[in-house]
Structures are given as C-alpha cells and as structure tokens.
Amino acid sequence: MMDMTTIITDLYMARADVFLACAALILLAVGVCLKTRAFHRIAIGGVTALVLTLIMTLQQDNSGDSITLFGDMLVYDRFGVFMKVLVSIGAISAIFMGVRDLGDHVIGKFEYVILILLATLGMNIMISSNNMLSLYMGLELQSLALYILAAFNRNSLTSSEAGLKYFILGALSSGMLLFGISLIYGYTGTTSFPLIADIVLIEQTDMVSMGMLVGLVFILVGLAFKISAVPFHMWTPDVYQGAPSSVTAFFAMAPKMAAMALMARVLFSAFGELHSDWAQIIFAISLASMALGAFAGLVQKNLYRLLAYSSIGHMGYALLGYFVGGFTGVTATLVYLSIYLVMTAGTFAMILSVRNKDNVAATNLNEFAGLSKKSPVVAYGLAIMLFSMAGIPPLAGFFGKLYIFKAVLDGGYYTLAVLGVCASVVASYYYLKLIKIMFFDQPSAHDDYVVAPSRLLRWVGVPSVLFVVTFIFYPDWLVYEATQAALSLR
Amino acid sequence: MLGLYAVFLPLATFAITFLFGGFLGNRMVQFVTCAGLIASAVLSCLLFHDVALLGNTSVEPVMIWITSGNFNADWAVRLDTLSVVMMCVITIVSACVHLYSVGYMSHDKARARFMSYLSLFTFAMLMLVTADNLIQLFFGWEGVGLASYLLIGFWNHKHSANRAAMKAFIVNRVGDLGLALGIFTLFMIFGSVQFDTIFASVAQFKHETFEFWGYEIHALTLACLLLFIGACGKSAQLGLHTWLPDAMEGPTPVSALIHAATMVTAGIFLVARFSPVYEYAPFALEVVTYIGALTAIVAATIGMTQFDIKRVIAYSTMSQLGYMFFALGVSAYGAAMFHLMTHAFFKALLFLGAGSVIHAMSNEQDMRKMGGIWKKIPFTYAMMWIGSLALAGIPLFAGYFSKDMVLEAAWADQSAHGNLAYWLGVTAAFITAFYSWRLIIMTFHGKPRADEKTMAHVHESPFVMTLPLFVLAIGACGAGYVFYELFVGHDRALFWADALFVLTGNDTVEAAHHVPMWVKKTPLVVAVSGIVIATLIYGTGGKFAGFVSRLLKPIHALFFNKYYIDELYHGVFQKPLIALGRLFTKWGDQKMINGLGPDGIAKISQCGSQILSKIQTGFVYHYAFMMMVGLIAIISWIFYQMVMV
C-alpha cells in the first residue's frame with residue numbers, strides 16, 4: 001500500500017503528464033466561456049500547454065536513470081522521453097494544421113484542440129506504461145479522443161462514416177487486446193512488464209506455454225491495428241479519406257509513434273526473451289505492409305488514400321527494426337520514425353495549404369496539376385518531401401531507410417533487405433506521379449486552387465523542409481539520441 | 001620539334017575552327033585551315049630533307065599515355081623515311097585540297113565545318129603514319145575512319161550520302177576487327193606494342209606457332225593475315241571494297257584527299273611498316289599478292305563500264321591500290337611506296353580535275369550528259385590529260401616509272417603468284433588506259449549532250465581551284481623521274497635505311513632492274529594500244545561502243561553490275577543480319593525483355609493494385625473479417641510451429 005507521501009512524490013515526478021491533463025481541462029472550461037475566435041485562442045493555449053509539457057518532459061531527461069512511478073505502473077526513461085518528444089511534435093503540428101484547416105470553418109469547434117491534448121495525454125501514458133493496465137488505460141484514452149476526432153466533421157457523411165468505422169474496428173481490436181492481456185495474466189499471474197519478463201525468463205529454460213504466446217499474438221494484433229499494419233490496416237484508407245484533413249494528418253503522425261512505442265515496451269520489456277517467437281509475426285506483418293503499401297498505392301486517385309497506403313508502407317519499414325531486435329534494430333526504427341514524423345508533417349503542411357475559393361483543401365491528385373506555376377515554393381517543398389518519402393538521397397528519408405536496411409543487413413537478412421528495397425522502388429512510383437502532376441500537367445479550366453501564405457507553412461512546412469534537406473549534414477545527434485533511447489529500453 | 005609542329009598544326013587548326021568557326025566567320029576559317037596545312041606541308045618537306053635525305057631518323061616523345069604494369073604505350077612521333085614520305089604526300093595533297101575546297105565549296109553553307117573536318121582528317125592521318133606503337137596507329141586508323149565518315153556524309157540532307165557514310169563505316173568495321181585482332185596477336189607474340197621491340201625480335205619468333213582447334217598455326221602468318229584484313233578494309237581491296245565507290249557521295253575534294261591519295265593508302269603503309277614481320281610470313285605475302293592482283297583487274301573491268309565520272313576514277317583508285325598490294329606481296333615495298341606517292345599526285349589531280357568539270361557542269365556527274373566542253377575549260381582539260389597520261393603509264397609521266405617498276409618486280413619474283421600478278425597487272429594496264437581515254441573522250445569531246453542552260457554556264461574554275469591542280473600536275477609530271485633513284489633506284493638502300501626490311505634473296509626491286517626487255521616494254525605497248533582502241537571506239541561516237549557492249553552482253557552486264565558483289569553481300573550478310581536484328585528487337589527486346597521486364601512488371605503491379613483496391617470494399621464487416629483472418633493465420637502459424645518442433 002502506498003502512503004500519501006509516495007503518491008505526492010510520484011505525482012510530482014509525473015508532473016508533465018499531470019500538467020497536460022490539467023491544462024486540457026482548464027482549456028476546455030475556458031473555451032466554453034469564450035464567445036469569439038474560440039478556436040484560435042484555445043489553439044494558442046493548446047500549443048503553449050504542449051510546449052510546456054515538452055519542456056517538463058525534457059527536464060526529466062536530465063535526471064538520468066529510469067524511474068518507476070505509481071507502483072510500477074508507469075516508467076520514465078529516455079526511451080519514453082524520445083517518443084514523447086515525437087508525439088508532442090506531431091500534436092503541435094496537428095494543431096497548426098487544424099487552425100489552417102478548420103479555424104475559419106463552420107465545424108471549427110475549439111474541442112478539436114482539447115481532443116488532441118487528451119489524445120496526447122493518452123499517448124504519453126501509453127509510452128510510459130509499464131503495466132498491462134496502464135497500457136490499456138492510455139490506449140483507450142487516446143482511442144476515444146481519436147474516434148471523436150475522426151468524426152469531427154459531423155455535417156459530412158464520410159467523416160461520420162470514418163468515425164464509426166474506426167470506432168467499431170477499434171473496439172474489436174481493443175477486445176482482442178484485452179483478451180490477450182487476460183490470457184497473459186492467466187498464464188503468468190501478473191500484468192506488470194518486469195514481472196512478466198522474469199517469468200518468461202524462467203519458463204524459457206523449460207518451455208514457453210502456448211497460452212502465453214497466443215496472448216502475445218492477441219496483444220500484437222491489437223497494437224498492429226493502431227499502427228495500421230497489414231492485415232489490420234483496412235480502416236486506414238477510409239478514415240484518412242473521410243476524416244477532416246488536419247485530423248488525418250494527426251492520425252498519420254502521433255498515434256503511430258505512441259503505438260510503436262507501446263509495441264516496443266511490450267516486445268522488448270516484457271517479452272524480450274521470446275524474440276525468436278514473435279520476430280516471425282513481425283516479419284510477416286512488416287513484409288505484408290511494405291508490399292501492400294507499395295502496390296495498393298499505385299492506382300489511387302485520392303491523395304489521402306494514397307498517403308494512407310504510404311503510411312502503411314512506412315510502418316512496414318519501421319517494423320523491420322523491431323524484427324531485427326537488439327538496440328541496433330530499435331535505434332534504426334526510432335530514427336526512421338523521427339524522420340517519418342517530420343516528412344509527414346511537412347507533406348501535410350504543404351498539402352493543406354493548397355485550397356480552393358471555398359477554403360476546401362485539395363483532395364484529388366489532379367487538383368495539384370500546374371502547382372509548380374501557381375506556387376513554386378510549395379510545389380518544390382512538396383516535391384522535396386515526396387522525394388524524401390521515396391528515399392531519394394541526399395534527403396532525410398534516404399537515411400531513415402539506410403539505417404533500417406543497415407540493421408537488417410547486419411542481422412544477416414539479405415532477402416528481406418532486397419524485398420524491402422524492391423517495395424521502396426515500387427512505392428516511389430506514386431510519389432513521383434504526384435511530382436509529375438505538379439510540374440508537368442496542365443490544370444483543368446475551372447481549377448481555382450491556390451496557395452496563401454499561412455502560419456502552418458511558416459511554422460511547420462519550412463522547418464520540415466529544412467530538416468529533410470539538411471539532415472545529411474548532422475545525422476549524428478539524432479542517431480545518438482535514438483541510441484540512448486534504445487539502450488534505456490533494457 | 002619540326003615533327004611535332006607538322007603533326008599537331010592540323011589538330012590546332014581543327015580545334016580552333018571547329019570550336020570557334022561561327023565566331024571567326026567563313027573567310028577566317030578558310031584562311032586559318034589553309035595556312036595551317038601549308039605550314040605543315042612546308043615543315044614536312046623540311047623533315048623529308050632532314051630525315052630521308054640526311055638520315056636523321058628519330059622518335060620524338062609527346063606524352064605518356066598508358067602505363068599499366070609492364071605495358072607501355074605513349075604518344076610519340078616516329079620520324080623515319082617511311083613516315084616522312086607519307087607525311088609529305090599527306091600534307092601536300094591535303095594543302096592542295098584545302099585550297100581547292102575554298103573555291104569548290106564556296107556555295108555551301110557549312111563550309112567552315114567542312115574545312116575543320118578536313119584538318120581533323122589530316123591530323124588523324126598524320127598520327128597514323130607517325131605512330132611509334134600499334135595503339136597510336138590504331139588511334140590514327142580509327143580517327144581517319146571517323147573523319148571519312150563525317151566527310152562522306154557531309155551533305156547530310158542527302159539520303160544517299162548518309163547511307164554511303166554508314167556503309168563506309170560499317171564495312172571498315174570488319175577490317176578494323178581484323179586489325180584489332182592482328183594487334184592482339186602481335187602483342188601475344190612479342191609482349192609489346194612498340195614497333196622497335198617487335199621489329200628487333202621478329203627473327204627469334206619466326207618458328208612460333210599457336211594451337212587452335214588442334215591446328216598448328218604459324219603465329220607470324222596469322223598476325224600478318226589479320227593485319228592484312230585491316231588493310232583490305234581501309235584500302236578497299238576485293239571483298240571489303242564495296243564502300244569506296246559509294247563514298248563518292250562525299251564532296252569531290254574529299255574523294256581526292258581521302259579516297260584517292262591518303263586514307264586508302266593506309267593499308268599499303270601498314271604492310272610496308274610491318275615489312276620486317278611480313279618477310280617472315282611468306283604465305284601471308286602470297287595472299288597479299290593474289291588479293292592485290294585480283295583487285296587490280298576486277299576494279300579495272302568495272303571502271304571500264306561505269307558512267308559516273310567520279311565512280312570511274314574511284315574504281316581506278318581501287319585498281320591502282322591492287323597494284324601496290326601485289327608489289328608488297330612480292331616484297332617490292334619500295335616500289336609499292338613509290339607507286340603510292342606518284343599515284344597520290346596524279347589521282348588527286350584527276351579527282352580535282354573531275355571536280356572542276358563537275359563544278360563547270362553545274363554538279364552533273366554523269367558522263368553521258370557531258371561532252372564537247374574541252375574548248376570551254378581548256379586548263380581543266382589539259383590537267384585531265386596530264387593525270388590520265390600519268391595513270392596510263394606513258395613515258396616521262398610519273399605513273400610510267402612507278403607502275404612499270406611494280407610490274408617488273410612482280411615478274412622478277414619468279415614465282416607463280418608473281419607471274420600471275422604480272423599478267424593480270426598488264427591486262428589491267430591495258431584496261432586502265434582504255435577507261436582513261438573513254439573518260440576523256442566522253443567528258444570533253446563529241447557533241448554536247450547537256451542541256452543549253454548548263455552548257456551556257458560552263459566556265460573555267462577560279463584561281464584557287466586551278467592553282468592546286470597545277471601543283472599536283474607538277475607532281476604527276478615530275479615525281480616519277482625525280483624520285484626514281486631514291487625510291488627504287490641505286491640510292492634506295494641509303495634512302496629507306498631501316499624503315500623497310502627485305503630478306504636477302506627476296507630483293508625483287510633489285511631483280512626488277514635486270515628483267516628482259518619485253519617485260520619492260522609490254523606495259524607501255526598495252527597502254528598505248530588501250531588509248532588507241534578507246535579513241536577508235538568512242539571517238540567515232542557512241543554507236544560502236546553500244547555495239548560492242550551488246551555483243552559482249554553477259555560480260556558487260558557482269559562488269560557494269562560490279563560483279564554483283566553488292567547484291568551478294570546484301571543477300572548473304574545484310575538480309576539475314578537485319579532479319580536477325582529484327583527478331584532480336586521485336587521478340588527478344590520488346591516482347592521478352594521489355595514485356596517480361598519493365599513493361600510487364602509495371603502491368604502486373606497495376607493489376608495487383610487494382611485487385612488490392614477491390615478488396616477494400618468499404619464494408620466494415622469485410623474489414624473485421626480480414627482482421628480475424630489475419631489473427632487466425634498468425635495463431636495457426638504459431639501452433640504449426642509448436643507442433644512441428
């Protein structure tokens with residue numbers, strides 16, 4: 001039993017997350033009272049809150065070793081800090097995008113910001129979770145916020161449909177997750193990751209029970225749903241297409257980071273000793289994701305569906321690092337995820353800037369025709385992002401893939417590396433197709449898409465482009481941080 | 001240093017005029033190229049005095065080129081009698097042609113480019129003859145091939161010119177393959193590509209053999225035969241000659257420079273240069289004799305029946321090259337070089353004269369549409385007479401000395417192939433005289449057959465065109481008499497020094513001075529009779545000629561259609577090869593490689609993508625079903641693994 005002092009100490013140690021929770025609630029209350037321009041003002045508050053949270057999180061990093069709080073429910077280590085930074089960047093970008101996309105719109109309710117804050121809180125708990133229960137709590141907090149966000153444009157049929165689909169399938173995956181947790185609990189008698197690891201270690205000498213493996217599979221399926229790995233990806237294209245564009249951007253960034261972090265916790269902290277057993281599952285879904293992400297994207301005409309498949313493929317590559325395992329593999333994945341996050345933020349910043357007279361963002365590929373003439377800056381920025389996504393050197397995306405494939409080759413999986421490169425070649429087709437449309441196609445006669453300068457471009461687009469272009473000059477700090485994070489993950 | 005200037009001046013003028021031609025303007029380009037070539041010609045003559053007459057042979061290094069392990073090949077200018085003789089011929093004829101081109105090409109838009117190409121050619125040819133190793137020789141060899149290609153196809157708006165250029169290039173490729181293999185063979189035998197190293201050690205390798213499919217092959221013979229294939233290609237010998245007549249599509253100065261005086265003699269030069277090796281390969285020399293003699297007679301018979309003025313001279317060139325080759329074949333290298341030199345003068349003269357006629361006749365080349373113009377262009381007429389007299393071998397003119405020397409040497413060889421070469425050569429000499437006067441009479445005499453407008457326009461060429469003719473005419477008159485003693489006479493041993501090598505007992509040039517009188521006089525007799533018969537047949541109008549050709553219809557058809565060799569090649573090589581190529585492109589490349597490769601994979605990818613997007617139905621229960629399938633598949637796999645282990 002914990003006494004009062006411990007609780008207070010733990011709350012202080014977890015001050016970043018506590019602050020975020022409080023900030024979200026206060027902003028909600030303030031927002032209700034605001035009569036005009038609620039969205040913009042709450043957005044400013046939301047960004048401030050996230051930045052402050054980020055600062056507190058980074059402070060914690062200096063304290064050094066990992067600490068566990070609330071009776072081993074949460075763990076605070078460098079891995080957690082690394083992933084939280086990524087999630088926060090994703091959330092801040094999403095708020096910027098929301099301002100551009102929804103701020104002046106009928107559906108521009110300030111709750112968008114609150115929901116993002118709450119989802120971020122859920123993700124932070126996911127990232128820090130050290131127990132099946134905290135895992136589930138964080139996951140559900142995040143998911144509930146995301147369900148609402150997906151259906152945020154309640155006037156739109158597609159948005160409602162997306163929200164509903166995501167909710168139903170998400171509930172299914174949560175069910176699987178819970179079933180898996182209960183199996184694990186049944187076979188190990190605990191929900192704590194370190195204790196599970198101890199039991200696995202003991203059982204390893206004898207024989208791992210089947211029930212535990214099945215439980216792990218169920219948990220993995222639940223998590224694979226969140227990162228939209230094949231064959232649990234089916235919701236992705238529909239939700240990406242149906243949800244408001246800025247929500248799609250958020251979906252493509254933050255939840256992926258959190259779910260990948262959670263997967264790392266489960267796979268390495270709890271079941272690290274069973275690497276040889278779960279590696280083949282990761283192998284299968286990773287390969288399937290890379291292949292499907294590459295091939296299914298080829299005939300897409302809707303930009304958001306295309307980006308959905310793109311993100312599926314990227315998650316496939318990121319999973320390769322987990323498949324290899326060890327701290328080199330995890331490092332590669334963390335680097336890949338960081339670069340993916342920036343590329344996605346940049347891409348969406350550019351895309352959301354292309355709008356027509358009614359302030360609706362372009363959704364179809366052919367609406368980008370002739371963009372290079374209308375707005376060369378955005379066209380070139382987007383081209384850089386797409387080249388980077390395709391993995392063309394010397395842009396950052398190339399290095400992301402480079403580290404992944406290096407880890408794979410060091411592990412001796414040559415066939416897998418070759419297959420991954422092949423998938424990358426196929427996927428580059430649709431990135432190049434969009435570039436070709438922007439630079440060489442003629443816009444249709446009644447095309448009125450234009451680009452107006454905005455905070456989104458200035459605060460998200462430009463830094464992303466700078467990062468992607470200049471990454472080649474200083475890759476070391478990111479690799480160093482990722483290595484430190486991976487090392488802290490036991 | 002003189003050698004370097006002489007060789008690299010044309011390169012410099014080429015570079016300047018090719019790069020800055022538009023900036024300099026046509027006048028300036030013409031001045032620069034002509035001045036460069038004339039300077040080069042003067043330097044070459046000085047070199048001739050220094051090297052050939054005073055005997056100061058040398059090798060002037062230019063720069064290091066290839067160094068790889070023990071293998072060395074450097075740029076250098078080799079100056080011995082053989083190369084300076086070639087240099088003089090090349091630069092003098094080239095200077096004349098450059099000057100002539102100023103007038104001849106005066107109506108052409110791209111005349112600056114033409115001049116720069118001529119300079120490029122001259123440079124490449126000089127590189128060839130001054131090479132100190134096989135690699136540099138090959139560089140020059142390919143360089144002249146390139147320049148020849150560019151100049152034959154100079155009027156690239158003409159379809160026939162493009163075809164002829166490609167034909168020349170492709171046929172030469174066959175010869176070049178032989179040359180390249182020859183170079184490889186020599187390198188295998190001697191382990192070096194340096195001329196000095198090779199020539200110094202020929203004797204110790206004279207019994208070297210190769211094992212090839214169980215046959216013992218004499219290494220030096222093989223090398224010599226392969227080199228000779230290269231020589232055949234460049235010098236248009238029977239078998240690889242088909243490109244030369246077609247090459248007349250190029251402007252006439254090109255024909256004079258490249259396809260009469262210089263490039264086509266590269267084969268002669270090659271064999272002469274390798275005389276130390278050929279001397280130890282008697283079988284190869286025999287082959288050279290046969291091919292040369294056959295070419296001489298075959299080309300002469302074809303030339304007899306052609307109507308295009310340039311083609312007649314082209315076949316004449318081929319025939320004369322045949323003479324040179326059989327001279328080489330009987331070890332009379334000096335005689336071959338002598339004939340090469342005199343031939344360069346009078347054949348260039350004939351070509352430029354023909355060019356002058358064509359210029360006067362408003363670009364008409366068909367002799368059937370000429371005639372009756374000798375009074376209008378008397379100077380050209382006189383020049384053509386001089387050239388023809390030299391070609392026919394009439395005393396005092398250059399051809400008399402050299403051609404008779406060649407024939408006498410062939411007879412003096414006292415062998416089956418030498419005898420055959422002599423008699424075929426004599427026959428060809430008769431035909432040569434015949435077609436030369438046929439050409440003169442058809443072109444200049446009789447009634448005018450051109451239309452009035454053309455006739456009214458007939459005029460003597462400008463001074464820049466007649467001056468080169470005059471210079472060449474001096475050579476065609478005097479070169480034989482002046483250089484007889486040096487090239488093949490008493491001074492020849494001192495003159496040639498180490499440049500040419502003849503085994504003792506093979507010295508046919510010496511023996512040629514002691515042949516019976518009838519051997520010496522027969523060529524002259526047949527030449528005069530050839531002139532007389534031609535005058536009789538064509539001087540009386542075309543009727544008698546028509547009667548004769550009808551009388552000998554099958555033979556005439558054979559000659560007129562060039563022994564059907566083009567048709568034969570078309571049927572045997574061209575058609576099957578094109579069919580094969582079409583098969584490969586259509587089925588091999590487009591259907592197989594492209595169909596299964598890039599296009600096929602792209603198509604499959606698109607199909608796969610279509611299928612994948614069909615699976616994406618939009619129904620939630622399908623999605624849930626997929627998730628369950630995935631879950632069950634993974635669990636089944638885990639169970640399967642467990643059971644198997």
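Above this text sits the structure in question.
Quick summary incoming for the structure in this document.

**Things to note about the overall build of chain B**
The helix and strand inventory of chain B stands at 28 helices and four strands. Taking all 645 residues of chain B together, 56% fall into the buried category. When contacts within chain B are restricted to residue pairs at least 6 apart in sequence, those whose partners lie at least 24 apart make up 80%.

**Concerning the overall build of chain A**
When helices and strands are tallied, chain A shows 20 helices and four strands. Sorting the 490 residues of chain A into buried and exposed places 64% on the buried side. Considering only residue pairs separated by 6 or more positions, chain A has 81% of its internal contacts joining residues 24 or more positions apart. When the accessible surface of chain A is summed, it comes to about 17,800 Å², and 69% of that surface belongs to carbon and sulfur atoms.

**Some remarks on empty space enclosed by the protein**
Residues and elements named next belong to chain A. Taken as a whole and assessed by the stated rule, the structure comprises six cavities of 30 Å³ or more. Contributions of two or more residues to the lining of the largest cavity are made by α12 (275–296), α13 (303–324) and α18 (414–440). Here the lining of the largest cavity gets five residues from one element, more than from any other, and that element is α18. Its residues placed into classes, the lining of the largest cavity shows eight nonpolar, five polar and one charged.

**Thoughts on the layout of surface pockets**
The calculated volume of the largest pocket comes to roughly 980 Å³. Looking at the largest pocket, it is lined by 37 residues, and the ones nearest its centre are I89(A), I92(A), S93(A), F96(A) and W459(A). For the lining of the largest pocket, the secondary-structure elements that each account for two or more residues are α3 (38–62), α4 (78–102), α14 (326–353), α19 (455–470) and α20 (476–488) of chain A. Here the residues of the lining of the largest pocket are counted per class, giving 24 nonpolar, five polar and eight charged. Of the voids in this model, the second largest pocket is the one considered here, and its volume is about 830 Å³. Contributing to the lining of the second largest pocket are 23 residues, with K167(B), V171(B), T242(B), D566(B) and Q574(B) lying nearest its centre.

**Overview of helix α6 (residues 132–150) of chain A**
Its 19 residues place the ends of α6(A) 26 Å apart at the C-alpha level, agreeing with the 27 Å of an ideal helix rising 1.5 Å per residue. Taking burial as the measure, the 19 residues of α6(A) include 14 buried ones, the bulk of the element.

**As for the pattern of salt bridges**
Residue and element names in this part refer to chain A. This structure, assessed with the given rule, holds 23 salt bridges over all chains. Across the pair R305 and D238 runs a salt bridge whose closest N-O atoms are separated by 3.2 Å. Taken together, the positions of R305 in helix α13 and D238 in helix α10 (residues 235–242) put the pair 67 residues apart, joining distant regions of the chain. Since its relative accessible area comes to 13%, R305 is described here as buried.

**Things to note about the environment of A112(B)**
All names here are of chain B. Mapped onto the elements of the fold, A112 is located in helix α4 (residues 111–129). You can call A112 buried: its relative accessible area is 11%. Residues contacting A112, with those up to four places away along its chain left out, are N26 and V29.

**Remarks on the packing of helix α8 (residues 219–234) of chain B against helix α13 (residues 282–305) of chain B**
Residue and element names in this part refer to chain B. Two numbers describe how α8 lies on α13: the axes approach to 8 Å, and their chain directions differ by 25°. By the criterion of interaxial angle, the relationship of α8 to α13 is roughly parallel. The interaxial crossing formed by α8 with α13 has right-handed handedness. Residues T221, C224, L225, F228 and C232 of α8 touch α13, and the partners they reach there are F283, A284, V287, V288 and I291.

**Here's the deal with the nonpolar core**
Residue and element names in this part refer to chain B. M125, F274 and Y278 are the most contacted members of the largest nonpolar core, which totals 216 residues. For this core, the element with the most residues is helix α15 (residues 333–360), which contributes 19 residues. If sequence neighbours within four positions are ignored, M125 has contacts with M86, I90, V144, T262, M263 and A266.

**What to know about the packing of α4(A) against helix α11 (residues 245–270) of chain A**
Residue and element names in this part refer to chain A. At their nearest, the axes of α4 and α11 sit 8 Å apart, and the two run at 170° to each other. It follows from the interaxial angle that α4 and α11 lie roughly antiparallel. Split into classes, the residues belonging to the contact of α4 with α11 amount to 16 nonpolar, six polar and two charged.

**Side note on the interface of chain B and chain A**
Interfaces are often described in size by the accessible area the parts lose on coming together. Between chain B and chain A, the contact holds 24 residues from the first and 37 residues from the second. Note on chain B versus chain A: buried area summed over both sides is about 2,700 Å², and carbon and sulfur give 79% of it. Taken together, chain B and chain A are joined by zero salt bridges. Joining chain B to chain A, the criterion identifies nine residue pairs in polar contact (both at pLDDT 80 or more). Taken together, the elements giving at least two residues each to the side of chain B that touches chain A come down to α27 (598–615) and α28 (620–644) of chain B. With 15 residues, α28(B) is the single largest residue contributor to the side of chain B that touches chain A. The class makeup of the residues in the side of chain B that touches chain A is 15 nonpolar, nine polar and no charged.

**Observations concerning a nonpolar patch on the surface**
On the surface, L568(B), V572(B), F573(B), L577(B), L580(B), L583(B), F584(B) and W587(B) cluster together into a nonpolar patch covering about 850 Å² of accessible area. Relative to the helices and strands, L580(B) resides in helix α26 (residues 565–596).

**Observations concerning the packing of aromatic side chains**
Applying the stated criterion to the full structure yields 65 aromatic pairs over all chains. Ring geometry for F283(A) and F323(A): centres 5.3 Å apart, planes at 45°, overall tilted. Here F283(A) is found in helix α12, whereas its partner F323(A) is found in helix α13, with 40 residues between them in sequence. Residues W75(B) and F139(B) carry aromatic rings whose centres are separated by 4.9 Å and whose planes lie at 85° to one another, so their mutual orientation is edge-to-face. Of this pair, W75(B) sits in strand β2 (residues 71–79) while F139(B) sits in helix α5 (residues 134–152), and the two are 64 residues apart along the sequence. Its relative accessible area of 14% is what places W75(B) among the buried residues.

**Considerations on the side chain of T185(B)**
Secondary-structure assignment places T185(B) in helix α6 (residues 159–190). Non-local contacts of T185(B), meaning those with residues more than four positions away in its chain, are made with F210(B), A219(B), L222(B), A223(B) and L226(B).

**A short note on the pairing of β2(B)**
Residue and element names in this part refer to chain B. With eight bridges joining them, strand β1 (residues 58–68) and β2 adopt antiparallel strand pairing. Paired with T67 across the bridge in β2 is N72. In this structure, the hairpin formed by β1 and β2 is closed by a connection of two residues, where G69 is found at a positive phi of approximately 60°.

**Quick notes on unusual backbone geometry**
Excluding glycine, residues mostly have negative phi values, and the peptide bonds linking residues are mostly trans. All names here are of chain A. Each neighbour pair has its own omega, and for V230 with P231 the value is 5°, a cis peptide bond. Within the secondary structure, P231 is located in the loop between α9 (210–226) and α10. In this chain, P393 is followed by P394 through a cis amide linkage whose omega measures 5°. Note on placement: P394 falls in the loop between α16 (376–390) and α17 (396–410). Despite not being glycine, S228 has its phi angle at roughly 50°, a positive value. Counting through the fold element by element, S228 comes out in the loop between α9 and α10.

Criteria and thresholds
Residues numbered from 1 in each chain as written. Chains lettered and ligands numbered in written order. Predicted model: local features only at pLDDT ≥ 70, side-chain atom pairs only at ≥ 80, totals over all residues. Heavy atoms only, no water. Helix = DSSP H or I, 4+ residues; strand = E, 2+ residues; numbered from the N terminus. Buried < 20%, exposed > 50% of the residue type's maximum accessible area, 1.4 Å probe, protein only. Contact = heavy atoms within 4.5 Å. Areas by Shrake-Rupley, 256 points an atom, 1.4 Å probe, with all protein chains shown as cover. 1 Å grid on protein atoms, 1.4 Å probe; cavity = no way out; pocket = protein on both sides within 12 Å on 5 of 7 lines; lining within 4 Å. Points joined across faces, edges and corners; volume = space filled by probe spheres on them. Nonpolar A, V, L, I, M, F, W, Y, C, P; charged D, E, K, R; others polar. Expected span 1.5 Å × (residues − 1). Salt bridge = Lys/Arg side-chain N within 4 Å of Asp/Glu carboxyl O. Axes fitted to C-alpha atoms, helices over the stretch in contact; angles between N-to-C directions. Parallel < 35°, antiparallel > 145°, perpendicular 65-115°, else oblique. Left-handed = near helix turned anticlockwise from the far one by under 90°. Core = buried A, V, L, I, M, F, W, Y, C linked by side-chain atoms within 4.5 Å. Buried area = accessible area lost by both parts, 1.4 Å probe. Polar contact = N/O pair within 3.5 Å; in protein donor to acceptor, adjacent residues only side chain to side chain. Patch = residues over 30% accessible without salt bridge, like charges linked within 9 Å, V, L, I, M, F, W, Y side chains within 5 Å. Phe/Tyr/Trp six-rings, centres within 6.5 Å; stacked < 30°, edge-to-face > 60°. Pairing = 2+ DSSP bridges.

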